[in-house]
Amino acid sequence: MTVVVVVTTGGTIATTADPDGVARPTRGGEALLDALATPHDVRVHDVLARDSSELGPPEWDVIATAVRAAIDDGAGGVVVTHGTDTMEETALWLEVALPGPTPVVLTGAMRSADAPDADGPANLRDAIAVAGHPAAAGLGVAVCMAGDVRRPLGLSKVPDGFTGHRVGTVRDGSVDLDLGSLGDGPARPRLAVGTAASAPRVDVVAVSAGSDAVALDAVVAAGARGVVLEALGSGNAGREVIAGVERARAAGVAVVIASRVPGAVVAPRYGPGRALVDLGAVPVRTLRPPQARVLLMAALSAGAAVADVFATWG
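Residues numbered from 1 in each chain as written. Predicted model: local features only at pLDDT ≥ 70, side-chain atom pairs only at ≥ 80, totals over all residues. Heavy atoms only, no water.

Asks: How should the sheet that holds strand β6 (residues 104-107) be read in this particular structure?
Replies: By way of backbone hydrogen bonds, the strands of a sheet pair with one another, either parallel or antiparallel. If you walk across this open sheet you meet the eight strands as β4-β1-β5-β6-β7-β8-β11-β12, and the pairing is mixed. The sheet is open, and its two borders are formed by β4 (41-50) and β12 (174-177), each paired with just one other strand. In this sheet, adjacent strand axes meet at a mean angle of 20° when their direction is disregarded. Across the sheet, helix α2 (residues 57-72) lies against β1 (3-10), β4, β5 (77-81) and β6, angled at about 165° from β4, the strand it touches most. Contacting β1, β4, β5, β6, β7 (141-145), β8 (148-150), β11 (166-171) and β12, helix α4 (residues 120-131) runs over the sheet at an angle of about 155° to β5. (Pairing = 2+ DSSP bridges. Helix = DSSP H or I, 4+ residues; strand = E, 2+ residues; numbered from the N terminus. Axes fitted to C-alpha atoms, helices over the stretch in contact; angles between N-to-C directions. Contact = heavy atoms within 4.5 Å.)

Right under this line is the structure:
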């Protein structure tokens with residue numbers, strides 16, 4: 001039997017309603033696995049019990065450490081239970097920071113553990129099936145929700161789950177993976193990142209109609225070494241924001257341009273976008289701002305050229 005270690009961090013999959021009707025994480029791994037049939041040797045490591053809105057770089061390090069320990073102890077696969085609000089960010093950091101082929105599968109739930117139609121048990125069962133499947137050797141980090149297995153890069157939460165590059169499915173316990181659809185994913189050179197908690201500060205600054213540069217100037221003054229500009233359309237912004245980007249670049253701050261439009265492809269097709277690129281801002285082709293922030297943190301942590309990292313990953 002394949003040893004699969006389940007690392008729990010809280011999230012909706014572990015929540016039940018308190019007397020006031022507020023959902024809070026209350027169930028550890030043993031409770032989540034209770035009555036869950038699986039052919040694998042499943043072991044539990046409870047590391048956190050939080051809503052994923054409370055997880056950030058220090059917690060990414062805690063999770064990564066637990067995953068590495070499980071793999072070092074001989075686990076053939078690891079499952080991480082996690083809230084869906086920030087799963088796309090944790091998953092991408094793990095993909096960047098955890099070299100190696102061992103399957104590490106994140107999963108969660110859209111409905112609490114005490115809901116009549118709780119989806120957590122099925123998602124957890126599927127994730128264990130993927131992590132322990134022989135065909136998953138070489139998978140690396142993935143996300144399994146609602147029977148779909150997706151790569152972390154490009155993952156984005158939507159009201160009914162996640163969108164992103166699908167690399168497999170789980171239907172009635174049957175795992176079907178197409179690792180060839182990963183393209184050059186596993187071949188991407190991993191970045192020599194340090195801990196997430198020690199990574200340089202990176203902030204997301206949203207652009208809207210008539211925006212000035214107050215927010216941009218403020219995050220630079222607060223010590224940001226990188227900024228993700230959540231720009232308009234295909235990567236545009238007004239004159240005052242462009243002037244703020246010029247000041248940030250002069251101060252040595254890395255700036256990348258994402259879009260507030262889901263599915264937009266960022267490219268300097270219009271004058272304002274061209275002006276941003278001419279100042280040294282790097283277009284993020286398709287990643288949404290939250291993942292662009294994670295990737296910029298990783299690039300700065302590794303001391304890598306931002307443009308090269310985003311050309312390869314983003």
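Right, picking up where we left off after that structure.
Asks: Got a minute to help me understand the pairing of β12 in this structure?
Replies: Residue alternation in β12 divides its side chains into a buried set, V175 and L177, and an unburied set, S174 and D176. Two strands pair when backbone bridges link them, and β11 and β12 are joined in this way by four bridges, in the antiparallel orientation. Paired with R171 across the two strands is S174, which belongs to β12. Connecting β11 to the antiparallel partner β12 that follows it, the hairpin turn spans two residues, and D172 within it adopts a positive phi of roughly 55°. (Buried < 20%, exposed > 50% of the residue type's maximum accessible area, 1.4 Å probe, protein only.)

Asks: Would you explain the environment of A299 in this entry?
Replies: Among the secondary structure elements, A299 is positioned in helix α8 (residues 289-302). Judged by its relative accessible area of 0%, A299 is buried. Residues A299 and F310, eleven residues apart in the sequence, show an inter-C-alpha distance of 8.6 Å. Residues in contact with A299, not counting those within four places in the same chain, are L191, A304, V306 and V309.

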